[in-house]
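Next come the chains, spelled out residue by residue.
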Amino acid sequence: MSQDNYIYTIDPYPLESADFNRVHPFFDALKEGRFVNSRCQDCGQMFWPPRFICPNCMSDNMKWEDVPREGTIVAFSVQESGVPMGFKPPLIFAIIELDNGLRLFSRIADAIPEEVEIGKRVRFQVEPIPNDHFDRVLFSFKLA
Amino acid sequence: MRRVAIVGAGITKFGVRQATFRDLAAEAAKSLFDSVKGAVKPQDIDGIVVSTVMPERNAFQSHISSVIAETVGVKPTSISARVEHMCASGNVAIRLASAAIATGMAELVLVLGVEKLNTPVAAETFLNMMCGIDREWEGAYGLTAPPTFALAAQAHMRKYGTTPEQLAAVTIKNRRHAANNPYAQWPTPIDLAKYNSAKPITSPFKLFDCSAITDGAAAVILAPEDRARDLTDKPVWILGSGQAITNFNLANAPEGRYEDWPALRKAAASAYGSAGITADDVDFAEVHDCFTIAEVIATEELGFCEKGAGGEFVASGQSDYGGKVVINPRGGLIGCGHPLGATGVAQAAENFWQLRGEAGPRQVPDAKIGLAHTNSGMPEHTIVIYGRD
Ligand SMILES: [Zn+2]
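Calculation rules
- Residues numbered from 1 in each chain as written.
- Chains lettered and ligands numbered in written order.
- Predicted model: local features only at pLDDT ≥ 70, side-chain atom pairs only at ≥ 80, totals over all residues.
- Heavy atoms only, no water.
- Helix = DSSP H or I, 4+ residues; strand = E, 2+ residues; numbered from the N terminus.
- Buried < 20%, exposed > 50% of the residue type's maximum accessible area, 1.4 Å probe, protein only.
- Contact = heavy atoms within 4.5 Å.
- Lys, Arg positive; Asp, Glu negative; His and termini not counted.
- Charge placed at Lys NZ, Arg CZ, Asp CG, Glu CD.
- Donors = N, O, S within 2.8 Å, 3.2 Å for Na, K, Ca; no water.
- Pairing = 2+ DSSP bridges.
- Axes fitted to C-alpha atoms, helices over the stretch in contact; angles between N-to-C directions.
- Buried area = accessible area lost by both parts, 1.4 Å probe.
- Salt bridge = Lys/Arg side-chain N within 4 Å of Asp/Glu carboxyl O.
- Nonpolar A, V, L, I, M, F, W, Y, C, P; charged D, E, K, R; others polar.
- Core = buried A, V, L, I, M, F, W, Y, C linked by side-chain atoms within 4.5 Å.
- 1 Å grid on protein atoms, 1.4 Å probe; cavity = no way out; pocket = protein on both sides within 12 Å on 5 of 7 lines; lining within 4 Å.
- Points joined across faces, edges and corners; volume = space filled by probe spheres on them.
- Phe/Tyr/Trp six-rings, centres within 6.5 Å; stacked < 30°, edge-to-face > 60°.
- Lys NZ or Arg CZ within 6 Å of the ring centre and 35° of its normal.

## Overview of the overall build of chain A
Along the backbone of chain A there are one helix and seven strands. Helices and strands appear in chain A in the N-to-C order α-β-β-β-β-β-β-β. In chain A, which comprises 144 residues, the share counted as buried stands at 45%. Here the analysis covers contacts within chain A between residues at least 6 apart in sequence; of these, 48% occur between residues at least 24 apart. In chain A, 15 positive and 21 negative side-chain charges are present, and the distance between their average locations comes to 4 Å.

## Observations regarding the coordination of the zinc ion
Residues and elements named next belong to chain A. Protein-derived coordination of the zinc ion comes from Cys40 (SG), Cys43 (SG), Cys54 (SG) and Cys57 (SG), at a distance range of 2.3 Å. We note that the donor set of the zinc ion lies within a single chain, spaced as C-x2-C-x10-C-x2-C. In this structure Cys43 comes out as partly exposed when scored by relative accessible area, which is 30%.

## Remarks on the sheet that holds strand β7 (residues 216–224) of chain B
Residue and element names in this part refer to chain B. Read from one edge of the open sheet, ten strands run β3-β2-β4-β7-β1-β8-β12-β11-β9-β10, paired in mixed fashion. In this open sheet, the two edge strands, each paired with only one partner strand, are β3 (79–83) and β10 (326–327). As paired elements, strand β8 (residues 236–245) and strand β12 (residues 380–387) share eight bridges and run antiparallel to each other. Paired with Gly242 across the bridge in β12 is Ile383. Sitting on the sheet, helix α4 (residues 89–102) touches β1 (4–11), β2 (47–51), β3, β4 (109–115), β7, β8, β11 (369–375) and β12, and the angle it makes with β12 is about 55°.

## Things to note about the interface of chain A and chain B
Facing the 39 residues of chain A at the interface are 35 residues of chain B. Counting each side, the surface lost to burial between chain A and chain B is near 3300 Å², with a carbon and sulfur contribution of 63%. Our count for the contact surface shared by chain A and chain B stands at zero salt bridges. Among the elements of the structure, α1 (24–31), β3 (70–79), β4 (91–98), β5 (103–108) and β7 (137–143) of chain A are those that each provide at least two residues to the side of chain A that touches chain B. Here the side of chain A that touches chain B is built from residues that sort into 28 nonpolar, seven polar and four charged.

## Quick word on the side chain of A:Asn21
Topologically, A:Asn21 is positioned in the segment before α1. Setting aside its immediate chain neighbours within four residues, A:Asn21 contacts A:Leu15, A:Glu16 and A:Phe27.

## A closer look at the nonpolar core
Counting residues in each nonpolar core, the largest one holds 104 residues, and the members touching the most others are A:Ile108, A:Phe139, A:Phe141, B:Tyr258, B:Tyr272, B:Leu302 and B:Phe304. If we skip the residues at most four places from it in the chain, B:Tyr272 touches B:Ile277, B:Thr278, B:Ala279, B:Val282, B:Leu302, B:Phe304, B:Leu371 and B:Ile385. B:Ile11, B:Ile101, B:Ala346 and B:Val364 belong to the second-largest nonpolar core, a separate cluster that totals 42 residues.

## Concerning empty space enclosed by the protein
Summary: where empty space remains is shown by rolling a probe the size of a single water molecule over the atoms. Residue and element names in this part refer to chain B. Taken as a whole, this structure holds one cavity of 30 Å³ or more when the rule is applied. Empty space within the largest cavity amounts to approximately 60 Å³. Ile11, Phe14, Asn181, Tyr183, Ala184, Arg330, Cys336, Ala346, Glu350, Trp353 and Arg362 together form the lining of the largest cavity. In terms of residue count, helix α14 (residues 340–355) provides more of the lining of the largest cavity than any other element does, three residues in total. Looking at the lining of the largest cavity, its residues break down into seven nonpolar, one polar and three charged.

## Points about the packing of aromatic side chains
Under the definition given, this model contains 22 aromatic pairs over all chains. With centroids separated by 5.3 Å and ring planes inclined at 5°, the aromatic side chains of B:Phe205 and B:Phe291 adopt a geometry described as stacked. Placement of B:Phe205 in strand β6 (residues 205–206) and of B:Phe291 in the loop between β9 (284–286) and α11 (292–301) is noted, with a sequence separation of 86 residues between them. Take B:Phe205: its relative accessible area is 1%, and that puts it in the buried class. These aromatic residues form a ring-pair network of at least three members: A:Phe26, A:Phe27, A:Phe35, A:Trp48, A:Phe93, A:Phe105, A:Phe124, A:Phe139, A:Phe141, B:Trp137 and B:Tyr141. Its end group placed over the ring of B:Trp237, B:Arg3 keeps NZ or CZ at 4.0 Å from the ring centre.

Here is the structure:
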């Protein structure tokens with residue numbers, strides 16, 4: 001059975017449209033090349049992943065703001081085998097600490113695995129999801 | 001509160017099985033009810049708790065407890081539930097069933113863990129495994145469990161000097177133990193040369209650092225003390241348990257550290273406290289070695305050795321027969337395979353056999369107290385402690 005025509009119930013990507021997703025402003029911004037996150041206007045905290053209700057104080061008074069587009073690799077692994085359907089190895093997974101201290105999970109794109117090291121600087125970028133009928137995007141990082 | 005015991009246990013062969021989700025549940029039930037030789041029949045069971053993670057995707061079935069109850073001839077009158085907590089589902093199911101009995105809500109409860117993971121396209125199951133992490137914010141990037149534990153391995157190696165040979169010692173030990181377990185997916189030992197020659201999966205893991213994609217099922221019957229005494233001469237008691245979770249998304253690891261698992265220390269403190277024991281009292285432990293590093297860190301956080309010394313502990317034989325504590329006598333997840341929802345129940349079954357002296361060639365001599373531990377990710381841990389009279 002070919003993987004290419006094998007149908008599965010849903011794909012692994014987020015629903016990004018305003019119709020189905022209350023954190024759609026994150027993806028709206030991403031499609032404009034901007035990197036944003038929501039901050040609680042009542043307790044001042046920011047969380048990852050983005051929220052529309054604050055898990056600290058339950059406020060729904062969250063505001064989207066730009067976050068730093070550069071950061072540092074704090075942990076990574078290069079996966080060469082056993083990746084999910086629809087993905088091609090090698091996949092370089094990393095925890096990035098942005099320059100405001102926010103940590104998040106992402107992928108290092110377009111890098112030679114041997115070049116990736118803890119402590120190296122990385123820069124945010126937007127990637128279209130390949131062959132997606134809904135023009136969705138994800139973000140990744142590249143070595144700075 | 002009533003004391004609760006296991007009074008019977010059953011298991012299927014683990015592996016790539018020519019059997020459906022429902023077939024596997026039926027096999028585990030037959031193994032269980034055959035073994036108790038008529039002391040308990042399906043018609044005597046009043047409650048059922050089924051532990052399973054992804055039948056909605058891998059078997060296209062929800063409404064799980066009812067389909068399994070009918071499959072195994074049980075008509076619940078006290079409690080019927082399905083538990084899903086990723087790889088910890090089995091131990092979570094046992095804790096909840098035990099609580100239902102302890103409080104008088106139920107009497108005889110069947111806890112059945114079952115998972116059908118192998119499909120014609122292996123990459124589909126890898127895709128489905130994304131359900132077990134933060135699918136929108138991690139899975140969408142192609143992440144599944146192996147790279148997450150790889151972060152722990154890299155951090156542990158950097159901080160404590162843990163070596164690839166020490167990680168290999170986990171696999172070599174557990175595969176040797178599994179060779180004494182007829183239900184294991186991999187009942188054959190492997191040596192360091194074979195470990196080293198395996199294909200890389202995700203740095204620093206190679207193939208034999210990882211547990212497999214496995215089909216299987218296991219089942220136990222839980223009973224309150226008075227019923228347990230009637231049903232068997234050798235009940236195996238649930239002495240205590242614990243569970244703790246610090247975070248879900250990888251980015252939110254406590255203090256940003258992956259080699260340090262405070263949730264496991266907290267769960268262990270609850271479990272030892274409720275059982276009234278310490279780590280020194282444990283004779284054997286079924287520990288969640290989904291990846292080699294997970295056993296290394298678990299032996300530290302469970303208090304069997306100092307923090308950072310887990311690699312040396314396994315490499316020096318302290319977690320083998322004749323050492324301080326026998327870790328994974330049934331072969332662990334690396335030796336037995338890892339049918340997610342069945343694993344914790346299989347650990348309970350192993351505790352049942354070990355504490356009754358029925359574990360055959362893998363028997364831990366004079367075992368009095370055993371422990372079962374499953375993680376459901378690095379920041380999530382569930383423990384059940386068992387003992388005999
Ligand atoms: Zn707030």
